[in-house]
Amino acid sequence: MPLAGLAQAGDLPADAAGISQNGSIRGQLDDANPRDVYFLDGLRGEVIDLELSAISGDLDLVLSVFDETGELALWQDDSAGGLGAQTDLAIARTGRYFIIVGRFGYQLGKGIGEYRLRLNRKGVLSERGSALRYGDSVIGTISDASPEVYYTFQAQQGDILTISMQRSSGALDPYLQIVDGDRFVIAQNDDQIGADTRNAHIDALIINRSGTYIIVATRYDNSAGSFVLALEETADSGRGSTRLAPLPLAYGESAIGSLDSQQVARYYSFAAQAGELVTIDLERGDTGDLDAYVTLADGEFQSLIEDDDSGEGQNARIADYRIPADGRYHIIATRYEGAAGATSGEYRLTLDILDSTLADLPPDTATLTYGTSVTGEINANNPADLYAFYGRAGEIVSISMTRVDGNLDAFLELLNNAQEVVAGNDDGGNNQNALIANYSLPGTGMYTIRARRFSGSEGNPNTAGGYVLVLAERQS
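Residues numbered from 1 in each chain as written. Predicted model: local features only at pLDDT ≥ 70, side-chain atom pairs only at ≥ 80, totals over all residues. Heavy atoms only, no water.

Here we take up the sheet that holds strand E35 (residues 445-453). In space, the five strands of this open sheet follow the order E28-E30-E35-E32-E33, with mixed pairing throughout. With one partner strand each, in any of the chains shown, strand E28 (366-367) and strand E33 (421-425) form the two edges of the open sheet. Two strands pair when backbone bridges link them, and E28 and strand E30 (residues 384-391) are joined in this way by two bridges, in the parallel orientation. Residue pairing in the sheet places Thr-367 in a bridge with Ala-388 of E30. (Pairing = 2+ DSSP bridges. Helix = DSSP H or I, 4+ residues; strand = E, 2+ residues; numbered from the N terminus.)

What follows is the structure in structure tokens.
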């Protein structure tokens, strides 16, 4: 069949099904469905073995592959010695490829039946510029004509890698460089440290930023010969096993991990803004006897708050912690007594933000945190101002409202989350200033401060003027 008769890339369905590089899929072709389309994401230099076979009916199968630009990359018919096809697909450039399984003649064909499509990633070409995946190894040659060979790979933040370059022939003295997307060398090695060898070895390279990286395989001096290069991911890669590569965690997300004597802590990071209220739960999994212990630390890993058993059983919980400043924070998931501890097992770490605290507040309510002050003005057009803050049961607070001009007779009320008045004051601050002093909050939740003027019958109910309001936390 001439190539012009093949389905064109522009005709491919947008909802084509994905297939893995080591996968198998079954389908059926008939008059109503003369072809199926799948997509495969490939990297430059990869070699994928495609095997298409008929398993029922009278299908005469045709296999074709288009790249994402619409260019035909492969066409095969009956290469398997029967009514199927078997061939290698060498990925010419990184991107998405569309695999079309059709019957001979497509709409004009007559075969009906089932088929099986198998894919097997055979490896990667050793050619300059090939893209590697973790676990790949390639063979190359360094000479005066080709003094360096480069390969690319994709990495995620927190990945921990080992890259080795071993001489396999000649007098080659291998030399390795790893270059990031900005063309900066982030790691390099000539002779493996601690080994009596001239082979190059980069061990435990921590990826600090997701992106594309380049491996430059070259030589020291003018040596020449062949080499074997391998890219490996370590056992704890991507699991937050070191402070240098904490795993990102967002509000509402959970992370699953495990702790034991070899890995007594795992590290996570998140971005937060001042005043946000966060809750962190570290719960023991279904296996093991882990006695969970969690620490919330600042950007420099200085501990802010820690907990052992505030959750149920041996689970740790930091509840409604108020973030002191904008920035990046860290969570350390560990066990009681850390390295000296004896428990181990799986865990689930959850990070939440209290995002519903303002939902039930009256309109035009400003929010405060402990240690802040605000100014306002009370007059006939604005007889009261509302402020809200989040407090925990047992915290001791003082609220002052001090007149700065006019004849304002300040009056303060404190309301709980149900908008019930739990404390109030008229002249506790002297000279018609209001003060709620050393009040112990009866419960955890949102509180509302109502700053207004005295409105009783004994005195002037129509005073006005500016004020300063201060919310402070006192020590018990």
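Along strand E5 (residues 61-67), seven of the seven residues are buried, which leaves the element largely enclosed by surrounding structure. Residues Leu-61, Leu-63, Val-65 and Asp-67 point to one face of E5 and Val-62, Ser-64 and Phe-66 to the other, with burial holding for every one of them. In terms of strand pairing, E5 meets strand E8 (residues 95-103) through seven bridges, oriented antiparallel. Among the inter-strand pairings, Val-65 is bridged to a residue of E8, identified as Ile-99. Where E5 lies against strand E6 (residues 72-77), five bridges are found, and the strand directions are antiparallel. Within the sheet, the bridge partner assigned to Ser-64 lies in E6 and is Trp-75. Following E5, the chain reverses through four residues before pairing antiparallel with E6; Gly-70 in that reversal takes a positive phi of roughly 95°. (Buried < 20%, exposed > 50% of the residue type's maximum accessible area, 1.4 Å probe, protein only.)

So, about the packing of aromatic side chains. Following the criterion strictly, the structure yields six aromatic pairs and no others. Taking 5.7 Å as the distance between ring centres and 20° as the angle between the ring planes, the aromatic pair formed by Phe-153 and Tyr-213 counts as stacked. Of the two residues, Phe-153 is situated in strand E12 (residues 149-155) and Tyr-213 in strand E17 (residues 211-219); the sequence distance between them amounts to 60 residues. Grouping residues by exposure puts Phe-153 and Tyr-213 together as buried. Measuring from ring centre to ring centre gives 5.9 Å for Tyr-370 and Phe-389, while their planes differ by 55°; the resulting arrangement is tilted. Of this pair, Tyr-370 sits in the loop between E28 and strand E29 (372-378) while Phe-389 sits in strand E30, and the two are 19 residues apart along the sequence. As far as burial versus exposure is concerned, Tyr-370 and Phe-389 are alike and both buried. Note that Arg-96 overlies the ring of Phe-39, its terminal NZ or CZ placed 3.7 Å from the centroid. (Phe/Tyr/Trp six-rings, centres within 6.5 Å; stacked < 30°, edge-to-face > 60°. Lys NZ or Arg CZ within 6 Å of the ring centre and 35° of its normal.)

To continue, consider the side chain of Arg-219. Secondary-structure assignment places Arg-219 in strand E17. Reaching out from Arg-219, the side chain makes a polar contact with the side chain of Asp-144 at a distance of 3.0 Å. A polar side-chain atom of Arg-219 sits 3.0 Å from the main-chain carbonyl oxygen of Ser-223. (Polar contact = N/O pair within 3.5 Å; in protein donor to acceptor, adjacent residues only side chain to side chain.)

What follows concerns the side chain of Asp-49. If you trace the backbone, Asp-49 turns up in strand E4 (residues 46-54). Despite its burial, Asp-49 pairs with no opposite charge; the closest candidate is Lys-122, at 5.2 Å N-O. Once residues within four sequence positions are removed from consideration, Asp-49 is found in contact with Gln-86, Thr-87, Asp-88, Arg-118, Leu-119, Asn-120 and Lys-122. (Lys, Arg positive; Asp, Glu negative; His and termini not counted. Salt bridge = Lys/Arg side-chain N within 4 Å of Asp/Glu carboxyl O. Contact = heavy atoms within 4.5 Å.)

Among the structural elements, Asp-60 can be located in the loop between E4 and E5. Here the alpha-carbon distance between Asp-60 and Asp-320, two residues 260 residues apart in the chain, equals 66 Å.

This paragraph deals with unusual backbone geometry. Residue Ala-204 is not a glycine yet carries a positive backbone phi of 55°. Relative to the helices and strands, Ala-204 is located in strand E16 (residues 200-206). We note that Asp-221 has phi near 55°; this positive angle belongs to a residue other than glycine. Relative to the helices and strands, Asp-221 resides in the loop between E17 and strand E18 (225-233).

A few words now on the nonpolar core. One finds Ile-163, Ile-215, Phe-227 and Leu-229 to be the most contacted residues of the largest nonpolar core, which totals 25 residues. Taken together, the elements giving at least two residues each to this core come down to strand E11 (137-142), E12, strand E13 (160-170), strand E14 (174-179), E16, E17 and E18. The biggest single contributor to this core is E12, with four residues. If you look at the next biggest cluster of nonpolar residues, it comprises 24 residues, including Val-278, Ile-280, Ile-318 and Ala-333. (Core = buried A, V, L, I, M, F, W, Y, C linked by side-chain atoms within 4.5 Å.)

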